[in-house]
2 protein chains.
Amino acid sequence: MRIGIVGLGLIGGSLGLDLRSLGHYVIGVSQRASTCETAVDRGAADVASCEFTPLETAEVIFICTPLSQIAPTLDQLLPHLAPNAILTDVGSVKAPVIELIQPRWANFVGGHPMAGTAESGINAAIPHLFQHNPYVLTPTPQTPEPAIALIHQLATSLGAKLYTTSPEAHDRAVAWISHLPVMVSASLILACQGEPDPAILSLAQALASSGFRDTSRVGGGNPELGLLMAQFNQAALLEALQAYRHQLDILMDGIKQSDWQEVHQRLSTTQQARPAFVKEPW
Amino acid sequence: MRIGIVGLGLIGGSLGLDLRSLGHYVIGVSQRASTCETAVDRGAADVASCEFTPLETAEVIFICTPLSQIAPTLDQLLPHLAPNAILTDVGSVKAPVIELIQPRWANFVGGHPMAGTAESGINAAIPHLFQHNPYVLTPTPQTPEPAIALIHQLATSLGAKLYTTSPEAHDRAVAWISHLPVMVSASLILACQGEPDPAILSLAQALASSGFRDTSRVGGGNPELGLLMAQFNQAALLEALQAYRHQLDILMDGIKQSDWQEVHQRLSTTQQARPAFVKEPW
């Protein structure tokens, strides 16, 4: 197949590496000429350019830009699509992307490959990034069946574990397990950093170890990513935050009232509940 | 030196392994005969028994029981101490332990070696557990200088990084970086687990990956440990929780108001603040 990839970062580049090694012809598009060169050099695309014209021959196009770039990308991309071209994206929030693209291109399937590393950019692209990782498709009742089937097949060929759900269910699920943790974790850093006694702050910094490191990791990450989560998944994230705050309040209340039975019971619940979320990596 | 260790779990056992390899004679005490046997077999003690009598010849005694067992242990231990014996402990909260022991045994120095693994018990004991890790001493104005000097020297000989501070400063610092993260992380699990739609809950469980895994780790741990933190460090933990809740509220408010500049600024602050807490492991 002739497959277009718009946006040659970690996800787009890794997708290109895998799709090429599966025998597809990959046409890359990036804003930067140097990224295009690197993508071809690294084997992530057969050809790559800053122009959208070469995508006229593509049967499938993956939009792999950051969420905030999908709208402007679409304006440039649509005039160059073949009439039957199937469009998909890899954005981490689905409802707003579908709202944006579906009215303008019917042959579109929202997708979210849930894979990543701590790095970003074309130089971070690696083969088999998606293998054994979830890949969520979020078709709507309007999405054409052949388009769903084709993207499902391509994602399966990457070795990913496919899930199909509504955009709203996806966004709610990722609010819980991906976007809420960022805000919870960021607030932890902000609270600790707010210690007014510099001697205690510097002791806390010196004593912090694996518990703090793990709990603060996603909150101390790239602020642009956290911001995009908040902007694009605002409603679901706020609902998750409110539920979180309610749980925090109950726990605080138990501690304040010295209701140790209640505190113990809640901490036992978390110990029992966590394994269902945390599978061993195959 | 003749050194007593009361409580032969991960910390007591690892301490025994190191102290013996430094040439000290280690007298172990545990409630369980089988633990005593294992401790001697594994080289964590020269002798070990369920009786406190052998501690009459010990020059230094480490109390390595769980926090909740320090009070009953003390009643059994004190009648057997030599008049000049120096007492120390390894509890993770210091003010209540010092309140408990100092009035009954003047020659006492509170201590907190901040080391551990995911395991517990004598079979989890390992050599060099304390090496390169913080070891906090919390003397008070009443603590005899020679006792401080001796425990400082022993802790240094384990390869630990020594810190000396007041019990209150210690408890406040560990509330921030150790006890607050547990409650923050537990509340995350409770919130996610509270999703009312079973299909979305099971999707969230399927999609959860490293971000959720790390942020939820300490909240899904041993509930007894979390409970002890809450019980023994109640005041400092509640203060930390209130500060945390305040930070969470500000962040939630920014998201609710779509004040993206504010949200971005706060997430940038966390990215800048985290490295001071998270040093590379030497």
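Placed above this text is the structure.
A brief structural summary. These numbers were taken from a predicted model, which means no experiment stands behind them.

So, the overall build of chain A
- Helix and strand counts for chain A come out as 11 helices and nine strands.
- For chain A, the C-alpha atoms occupy an extent of roughly 70 × 40 × 35 Å along the three principal directions.
- Looking at chain A residue by residue over its 282 residues, the buried ones come to 56%.
- Of all intrachain contacts in chain A linking residues separated by at least 6 positions in sequence, the fraction that spans at least 24 positions is 66%.
- Of the roughly 11300 Å² of accessible surface on chain A, a fraction of 52% belongs to carbon and sulfur atoms.
- Between the centroid of the 15 positive side chains of chain A and the centroid of its 24 negative side chains there is a distance of 4 Å.

A word on helix α5 (residues 145-157) of chain B
All names here are of chain B.
- Given a rise of 1.5 Å per residue, 13 residues ought to cover 18 Å, and the 18 Å separating the end C-alpha atoms of α5 matches this to within 8%.
- Burial in α5 covers these residues: Ala147, Ile148, Leu150, Ile151, Leu154 and Ala155. Along α5, the residues classed as buried sweep out an arc of 165° about the axis, all on the same side. Opposite its buried face, α5 presents the exposed residues Glu145, Pro146 and Gln153, each directed more than 90 degrees away.
- Among the residues trailing α5, Gly159 stands out with phi positive, at a value near 85°.

Quick notes on the interface of chain A and chain B
- Each partner contributes to the interface: chain A provides 86 residues, whereas chain B provides 86 residues.
- With both sides pooled, the region where chain A packs onto chain B buries about 8400 Å², and carbon together with sulfur makes up 71% of that total.
- Interface area lost by chain A to chain B is led by A:Leu207, A:Arg274 and A:Phe277, which between them contribute 9%.
- Run the count over chain A and chain B and you get six salt bridges.
- Linking chain A to chain B there are 25 residue pairs in polar contact (both at pLDDT 80 or more).
- Top contributing element to the side of chain A that touches chain B by residue count: helix α6 (residues 167-193) of chain A, with 20 residues.
- When its residues are assigned to classes, the side of chain A that touches chain B shows 49 nonpolar, 25 polar and 12 charged.

Some points on the sheet that holds strand β5 (residues 86-89) of chain B
Residue and element names in this part refer to chain B.
- Spatial strand order, β3-β2-β1-β4-β5-β6: six strands in an open sheet with parallel pairing. Lying at the two open borders of the sheet, with one neighbouring strand each, are β3 (47-49) and β6 (108-109).
- Relative to β3, strand β2 (residues 25-29) is paired through three bridges, and the arrangement is parallel. Counted as the bridge partner of Val29 is Ser49 from β3.
- With respect to the sheet, helix α3 (residues 70-77) is in contact with β1 (2-6), β4 (60-63) and β5, its orientation differing from that of β4 by roughly 150°.

The rules behind each value
Residues numbered from 1 in each chain as written. Chains lettered and ligands numbered in written order. Predicted model: local features only at pLDDT ≥ 70, side-chain atom pairs only at ≥ 80, totals over all residues. Heavy atoms only, no water. Helix = DSSP H or I, 4+ residues; strand = E, 2+ residues; numbered from the N terminus. Buried < 20%, exposed > 50% of the residue type's maximum accessible area, 1.4 Å probe, protein only. Contact = heavy atoms within 4.5 Å. Areas by Shrake-Rupley, 256 points an atom, 1.4 Å probe, with all protein chains shown as cover. Lys, Arg positive; Asp, Glu negative; His and termini not counted. Charge placed at Lys NZ, Arg CZ, Asp CG, Glu CD. Expected span 1.5 Å × (residues − 1). Arc of directions from axis to C-beta. Buried area = accessible area lost by both parts, 1.4 Å probe. Salt bridge = Lys/Arg side-chain N within 4 Å of Asp/Glu carboxyl O. Polar contact = N/O pair within 3.5 Å; in protein donor to acceptor, adjacent residues only side chain to side chain. Nonpolar A, V, L, I, M, F, W, Y, C, P; charged D, E, K, R; others polar. Pairing = 2+ DSSP bridges. Axes fitted to C-alpha atoms, helices over the stretch in contact; angles between N-to-C directions.

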